[in-house]
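Coordinate analysis (summary)
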Amino acid sequence: MRVIITKDYDEMSVWAANYVAKRIIDFNPTEEHPFVLGCPTGSSPLGLYQHLVELNKRGIVSFRNVVTFNMDEYVGLDVKHPESYHSFMWTNFFGHIDIKPENVHILDGNAPDLMAECEHYEQMIAEAGGVDLFMGGVGPDGHIAFNEPGSSLSSRTRIKTLTTNTIQANCRFFDNDVNLVPKQALTVGVGTVMDAREVLILCNGPKKARAMHHMIETGVNHMWTSSMLQMHRRALVVCDEEACDELKISTYQYFKDKQRIEGSIEEYINLYK
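Right, let's walk through the structure included here. Keep in mind the model is a prediction, meaning the values are calculated, not measured. (Residues numbered from 1 in each chain as written. Predicted model: local features only at pLDDT ≥ 70, side-chain atom pairs only at ≥ 80, totals over all residues. Heavy atoms only, no water.)

Side note on unusual backbone geometry
What is expected of a backbone is that most residues other than glycine have negative phi and most peptide bonds are trans. Phi at Asn28 is positive, roughly 55°, even though this residue is not glycine. Note that Asn28 resides in the loop between helix H1 (9–27) and strand E2 (35–39). The exposure class of Asn28 is exposed, given its relative accessible area of 57%. One non-glycine residue, Ala145, lies in the positive phi region at around 50°. As for its position among the elements, Ala145 is in the loop between strand E6 (133–136) and strand E7 (158–161). Judged by relative accessible area, Ala145 falls into the buried class, the value being 11%. (Helix = DSSP H or I, 4+ residues; strand = E, 2+ residues; numbered from the N terminus. Buried < 20%, exposed > 50% of the residue type's maximum accessible area, 1.4 Å probe, protein only.)

Focus on the pairing of strand E1 (residues 2–6)
Within E1, four of the five residues are buried, leaving the element largely enclosed by the surrounding structure. Summarising the sheet, E1 and strand E10 (residues 235–240) pair through five bridges and their orientation is parallel. Note on E10: the bridge partner recorded for Ile5 is Cys239. (Pairing = 2+ DSSP bridges.)

Focus on the nonpolar core
In this structure, Trp15, Leu52, Phe63, Phe93, Phe94 and Leu200 are the most contacted members of the largest nonpolar core, which totals 48 residues. Those elements that provide at least two residues to this core are H1, E2, helix H2 (46–57), helix H3 (85–92), E6, strand E9 (199–203), E10 and helix H9 (264–269). Looking at which element gives the most residues to this core, the answer is H1, with eight residues. Residues in contact with Trp15, not counting those within four places in the same chain, are Arg2, Ile4, Thr6, Leu236, Val238, Ser264, Ile265, Tyr268 and Ile269. Val36, Val131, Met228 and Val237 belong to the second largest nonpolar core, which has 42 residues in total. (Core = buried A, V, L, I, M, F, W, Y, C linked by side-chain atoms within 4.5 Å. Contact = heavy atoms within 4.5 Å.)

What to know about the environment of Met12
Checked against the element boundaries, Met12 lands in helix H1. Distance from Met12 to Ile265, taken between C-alpha atoms, is 9.4 Å for residues 253 residues apart in sequence. Those residues within four positions of Met12 in sequence are excluded, and the remaining contacts are Thr6, Ser44, Leu202, Cys203, Asn204, Val238, Cys239 and Asp240.

Shown next as structure tokens:
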């Protein structure tokens, strides 16, 4: 696992966006051989998306030959609802870049057969050749996508009932009324994420410090599903200083020393200035 420690949210977002853009550019996708990108929602990736939009408008990176698969979607929420993840993605990202609508894939939380929808989603990912880079965030309890604590570490796309903690965390998007927050979601599984050729996780702020500690310092544990990334061949965690509050000093210093030697922060921060 590689960990990049940035000074704050803005630097984290710029670093991550520049990294994603470079991966797409180096891949040199074509219509016949597109780059397959996994996309998250939530507050963590907003800065990343804003910078990717800017890079697209400047002509530095194109998404015309990029195929996307989103991590999750609420069950029972209309796609036009402002808090649906369909709306989130088109409002904050897809609606501002040159991606082809037919290349966007988001789970349908209103499908007549939700299990069939999940199975079809896995099939579409396989038919696309698998995910080249899965971006994601992490919850305060260490979950990735909606793989709540206790989720199987080999799980696939499925229906998940949300925990009270997740519902309370998301109620800020629903007028702070927990009764308005959907109680279930469709989500890719931990196994689905682990199948990606590369995973990039954003982790920012003091509320994520405990999750950061469990994700990289303790053993793999289904109660902290993001800890499974320790087993991935190419996992990258991009975080800010505040998210490192609960790391051991030796762990923190190890990753800072690697950055100092490799010069990785400056390389990607300055890449597209």
